[in-house]
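# Coordinate analysis (summary)
Read off the chains here:
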Amino acid sequence: CTKYDKDFNTYCREPFLTSEEQDMLIRQLRENKFFGAFMYDSETAGWVCTRCHASAEEGPLEPEEGRRGWLWKRSMGYSFPFIKTWGKRMFALTPTHFVRYRHANDVNPSHVWPLHEIRAVEVASYAEVKRRSAFWMRTDKMNLLLAAENDKDMVAWMDAIKGP
């Protein structure tokens with residue numbers, strides 16, 4: 001019988017890191033500028049990227065007039081690569097970001113792409129994706145396949161994302 005078997009409840013309540021280990025972790029996070037790249041959001045009780053999420057002083061990411069609307073997004077197929085479904089998502093364009101929300105009334109975006117990271121926006125061929133009015137948004141890290149309700153909306157979104 002080990003010391004942990006004797007009082008399991010006490011063992012479960014013990015912190016995972018000692019005070020010394022916590023201090024060392026905080027020191028390492030500061031040295032690697034973690035707190036410059038991320039901030040703690042008390043509303044969501046989680047860490048958020050400072051580049052992708054506006055700070056309280058800046059206010060929320062507000063879309064430009066007329067650049068908010070529904071687009072269809074194809075799933076990445078991580079769990080089942082052969083099954084790729086389409087989901088309707090709310091997107092918005094700010095002066096500096098392309099933003100995705102799961103629902104129209106969501107306050108916090110589910111994903112944010114800084115516009116400077118978007119490398120290409122191009123029409124997707126129907127033969128390739130089997131969907132009309134579809135286009136690719138490509139960054140160095142991912143390729144996002146989106147579709148508008150019609151070709152006119154597709155071109156408007158593509159032009160807006162590409163910018164001047």
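Structure: above.
The paragraphs below set out a description of the structure included in this document. Fair warning: this is a prediction, and the values are worked out from it, not measured in the lab. (Residues numbered from 1 in each chain as written. Predicted model: local features only at pLDDT ≥ 70, side-chain atom pairs only at ≥ 80, totals over all residues. Heavy atoms only, no water.)

### Remarks on the overall build of the protein chain
Scanning the protein chain from N- to C-terminus turns up six helices and nine strands. Looking at the protein chain as a whole, 29% of its 164 residues are labelled buried. Long-range contacts, defined here as pairs at least 24 residues apart, represent 36% of the contacts in the protein chain between residues at least 6 apart. Accessible surface computed for the protein chain: about 11,700 Å², of which carbon and sulfur atoms make up 53%. (Helix = DSSP H or I, 4+ residues; strand = E, 2+ residues; numbered from the N terminus. Buried < 20%, exposed > 50% of the residue type's maximum accessible area, 1.4 Å probe, protein only. Contact = heavy atoms within 4.5 Å. Areas by Shrake-Rupley, 256 points an atom, 1.4 Å probe, with all protein chains shown as cover.)

### Let's talk about the sheet that holds strand E4 (residues 86-93)
In spatial order, the strands read E6-E5-E4-E3-E9-E8-E7; together these seven strands make up an open sheet with antiparallel pairing. Each edge of the open sheet carries a strand with a single partner, namely strand E6 (111-114) and strand E7 (118-123). Going across the sheet, the axis of each strand differs from the next one's by a mean of 30°, ignoring polarity. Inspection of the sheet shows strand E3 (residues 68-74) paired to strand E9 (residues 143-147) by two bridges, in the antiparallel sense. (Pairing = 2+ DSSP bridges. Axes fitted to C-alpha atoms, helices over the stretch in contact; angles between N-to-C directions.)

### A word on the environment of valine 129
Along the chain, valine 129 falls in helix H5 (residues 126-129). Placed 55 residues apart in sequence, valine 129 and arginine 74 show a C-alpha to C-alpha distance of 9.5 Å. Among all residues touching valine 129, those that are not within four sequence positions of it are Arg74, Trp86, Ala124, Ala134, Trp136 and Leu145.

### Quick notes on the nonpolar core
Grouped burial of nonpolar side chains is what soluble globular proteins tend to show. Among the nonpolar cores identified, the biggest contains 17 residues, and Leu71, Phe98, Phe135, Trp157 and Ile161 are the most heavily contacted of them. Looking at this core, the elements with two or more residues in it are E4, E7, strand E8 (134-139), E9 and helix H6 (151-162). Ranked by the residues each element gives to this core, the list is headed by H6, at four residues. In terms of nonpolar packing, the next biggest core, distinct from the first, is built from six residues, Ala134, Trp136, Leu145 and Ala147 among them. (Core = buried A, V, L, I, M, F, W, Y, C linked by side-chain atoms within 4.5 Å.)

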